[in-house]
Amino acid sequence: MEKSLAEMQREVDRYISQFKEGYFSPLSMLARMTEEVGELAREVNHSFGEKPKKSGEDDNSIELELGDILFITLCFANSLNIDLTEAHDRVMHKFNTRDKDRWTRIDAQTRQEEEEQ
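Reading guide: rules and limits
- Residues take numbers from 1 onward in each chain, read along the sequence in its written order.
- Reporting of local features is limited, given that this is a predicted model, to residues whose pLDDT is at least 70; pairs of side-chain atoms are given and counted only at 80 or more, and all residues count toward the totals for whole chains, interfaces and linings.
- Values shown for side chains rest on all heavy atoms present in the structure; no hydrogens or waters enter the calculation.
- Aromatic rings from Phe, Tyr and Trp, with only the six-membered ring used for Trp, were paired whenever their centres fell within 6.5 Å, and each pair was classed as stacked if the ring planes differed by under 30 degrees, edge-to-face if by over 60, and tilted otherwise.
- To qualify as a helix, a DSSP run of H or I must reach at least 4 residues; to qualify as a strand, a run of E must reach at least 2; elements of each kind are numbered from the N terminus.
- For every residue, the accessible area (1.4 Å probe, protein chains only) is compared with the maximum for its type, and the residue is labelled buried under 20%, exposed over 50%, or partly exposed between those bounds.
- Note on definitions: angles span 0 to 180 degrees between N-to-C directions of axes, and those axes are lines fitted to C-alpha atoms, for helices only across the stretch in contact.
- Every angle not falling under 35 degrees, over 145, or within 65 to 115 is termed oblique; those three ranges are roughly parallel, roughly antiparallel and roughly perpendicular.
- Whether a crossing is left-handed or right-handed is set by the direction in which the near helix is turned from the far one by less than a right angle, anticlockwise for left-handed and clockwise for right-handed.
- Basically, the charged four are Asp, Glu, Lys and Arg, the nonpolar ten are Ala, Val, Leu, Ile, Met, Phe, Trp, Tyr, Cys and Pro, and anything else, Gly included, counts as polar.
- By the counting scheme adopted, Arg and Lys are positive, Glu and Asp are negative, and His together with the chain ends is not counted.
- Between Lys or Arg on one side and Asp or Glu on the other, a salt bridge is scored when a side-chain nitrogen of the former is within 4 Å of a carboxyl oxygen of the latter.
- Here a residue-residue contact requires only that any non-hydrogen atoms of the pair lie within 4.5 Å.
- Nonpolar core, defined: a set of buried Ala, Val, Leu, Ile, Met, Phe, Trp, Tyr and Cys residues in which side-chain atoms within 4.5 Å join the residues together.

Draft legend 1. Region of interest: the packing of aromatic side chains. For the structure on display, the rule yields two aromatic pairs. For the pair Y15 and F71, a centre-to-centre distance of 6.3 Å together with 70° between the ring planes defines the contact as edge-to-face. One end of the pair, Y15, is in helix α1 (residues 5–16); the other, F71, is in helix α3 (residues 62–79), with 56 residues separating them in the sequence. The class of Y15 is partly exposed, set by a relative accessible area of 42%.

Draft legend 2. The arrangement of the packing of helix α2 (residues 26–48) against α3 in detail. Their axes nearest at 9 Å, the elements α2 and α3 cross at an angle of 165°. When the axes of α2 and α3 are compared, the pair comes out roughly antiparallel. Handedness of the α2/α3 crossing: left-handed. Looking at side-chain class alone, the contact of α2 with α3 contains 14 nonpolar, three polar and six charged residues.

Draft legend 3. Layout of the side chain of E36. Looking at the element boundaries, E36 is found in helix α2. Of the side chains with opposite charge, R32 comes closest to the buried, unpaired E36, at an N-O distance of 4.5 Å. Other than its neighbours up to four places away in sequence, E36 contacts E65, D68 and I69.

Draft legend 4. Summary view of the nonpolar core. Ranked by size, the top nonpolar core spans 11 residues in total: M8, V12, I16, M29, M33, I72, L74, C75, F76, A77 and L84. For this core, the secondary-structure elements that each account for two or more residues are α1, α2 and α3. Ranked by the residues each element gives to this core, the list is headed by α3, at five residues. Non-local contacts of M33, meaning those with residues more than four positions away in its chain, are made with I72, T73 and F76.

Structure (C-alpha coordinates):
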(Lines give C-alpha, C1' and ligand atoms only; values in the text may rest on other atoms or scores of the structure.)
Protein backbone atom coordinates (compact mmCIF):
# COMPACT_ATOMS: atom_id res chain seq x y z
CA MET A 1 0.00 0.00 0.00
CA GLU A 2 1.37 3.39 -0.99
CA LYS A 3 1.47 6.23 1.50
CA SER A 4 0.46 9.76 0.64
CA LEU A 5 2.64 12.71 1.59
CA ALA A 6 0.00 13.66 4.18
CA GLU A 7 0.21 10.19 5.73
CA MET A 8 4.01 10.39 5.82
CA GLN A 9 3.84 13.82 7.45
CA ARG A 10 1.46 12.49 10.12
CA GLU A 11 3.65 9.41 10.71
CA VAL A 12 6.75 11.56 11.20
CA ASP A 13 4.80 13.91 13.48
CA ARG A 14 3.65 10.99 15.65
CA TYR A 15 7.26 9.83 15.90
CA ILE A 16 8.71 13.26 16.77
CA SER A 17 5.86 13.99 19.21
CA GLN A 18 7.10 11.19 21.48
CA PHE A 19 10.10 13.29 22.49
CA LYS A 20 10.27 16.36 24.73
CA GLU A 21 12.76 18.00 22.36
CA GLY A 22 10.28 17.98 19.46
CA TYR A 23 11.38 19.37 16.13
CA PHE A 24 14.75 21.06 15.76
CA SER A 25 14.90 24.75 14.89
CA PRO A 26 14.73 25.66 11.19
CA LEU A 27 18.46 26.46 11.10
CA SER A 28 19.34 23.12 12.69
CA MET A 29 17.09 21.30 10.23
CA LEU A 30 18.68 23.09 7.30
CA ALA A 31 22.10 22.03 8.62
CA ARG A 32 20.85 18.42 8.94
CA MET A 33 19.40 18.53 5.44
CA THR A 34 22.68 19.86 4.05
CA GLU A 35 24.53 17.08 5.87
CA GLU A 36 22.21 14.44 4.39
CA VAL A 37 22.57 15.87 0.88
CA GLY A 38 26.34 15.64 1.33
CA GLU A 39 26.00 11.98 2.31
CA LEU A 40 23.88 11.38 -0.80
CA ALA A 41 26.53 13.09 -2.93
CA ARG A 42 29.18 10.81 -1.46
CA GLU A 43 27.11 7.69 -2.27
CA VAL A 44 26.42 8.88 -5.83
CA ASN A 45 30.12 9.59 -6.28
CA HIS A 46 30.95 6.09 -5.06
CA SER A 47 28.37 4.48 -7.35
CA PHE A 48 28.76 6.58 -10.49
CA GLY A 49 31.90 8.65 -10.05
CA GLU A 50 35.58 7.98 -9.95
CA LYS A 51 35.86 7.66 -6.17
CA PRO A 52 35.56 4.05 -4.95
CA LYS A 53 34.81 3.37 -1.30
CA LYS A 54 37.69 2.72 1.07
CA SER A 55 37.91 -0.74 2.53
CA GLY A 56 35.94 -0.91 5.75
CA GLU A 57 33.83 2.13 4.84
CA ASP A 58 30.13 1.88 5.79
CA ASP A 59 27.93 0.34 3.13
CA ASN A 60 25.26 3.05 2.85
CA SER A 61 23.05 3.25 -0.19
CA ILE A 62 21.56 5.94 -2.36
CA GLU A 63 18.13 4.64 -1.34
CA LEU A 64 18.84 5.11 2.38
CA GLU A 65 20.33 8.55 1.85
CA LEU A 66 17.26 9.62 -0.15
CA GLY A 67 15.13 8.25 2.67
CA ASP A 68 17.07 10.37 5.17
CA ILE A 69 16.51 13.45 3.00
CA LEU A 70 12.79 12.66 2.77
CA PHE A 71 12.59 12.27 6.56
CA ILE A 72 14.27 15.61 7.27
CA THR A 73 12.12 17.26 4.58
CA LEU A 74 9.00 15.93 6.30
CA CYS A 75 10.29 17.16 9.67
CA PHE A 76 11.14 20.56 8.24
CA ALA A 77 7.70 20.94 6.66
CA ASN A 78 5.91 19.78 9.80
CA SER A 79 7.85 22.19 12.00
CA LEU A 80 6.76 25.09 9.79
CA ASN A 81 3.17 23.82 9.31
CA ILE A 82 3.70 23.33 5.57
CA ASP A 83 1.45 20.87 3.75
CA LEU A 84 3.83 19.12 1.36
CA THR A 85 1.00 17.92 -0.87
CA GLU A 86 -0.06 21.52 -1.40
CA ALA A 87 3.59 22.55 -1.91
CA HIS A 88 4.00 19.77 -4.49
CA ASP A 89 0.84 20.83 -6.32
CA ARG A 90 2.05 24.44 -6.47
CA VAL A 91 5.46 23.41 -7.80
CA MET A 92 3.91 21.13 -10.44
CA HIS A 93 1.63 23.99 -11.52
CA LYS A 94 4.73 26.18 -11.92
CA PHE A 95 6.49 23.54 -14.04
CA ASN A 96 3.39 22.89 -16.12
CA THR A 97 2.87 26.59 -16.87
CA ARG A 98 6.07 28.62 -16.65
CA ASP A 99 8.34 25.79 -17.83
CA LYS A 100 5.91 24.01 -20.17
CA ASP A 101 8.04 24.70 -23.27
CA ARG A 102 11.43 24.61 -21.60
CA TRP A 103 12.28 21.00 -22.43
CA THR A 104 11.91 18.93 -25.59
CA ARG A 105 8.92 16.65 -25.22
CA ILE A 106 9.41 13.05 -26.25
CA ASP A 107 6.39 13.11 -28.55
CA ALA A 108 7.69 16.24 -30.35
CA GLN A 109 11.13 14.74 -30.78
CA THR A 110 9.68 11.48 -32.10
CA ARG A 111 7.57 13.39 -34.66
CA GLN A 112 10.59 15.43 -35.76
CA GLU A 113 12.68 12.27 -36.28
CA GLU A 114 9.89 10.65 -38.27
CA GLU A 115 9.59 13.75 -40.50
CA GLU A 116 13.33 13.71 -41.17
CA GLN A 117 13.20 10.11 -42.40
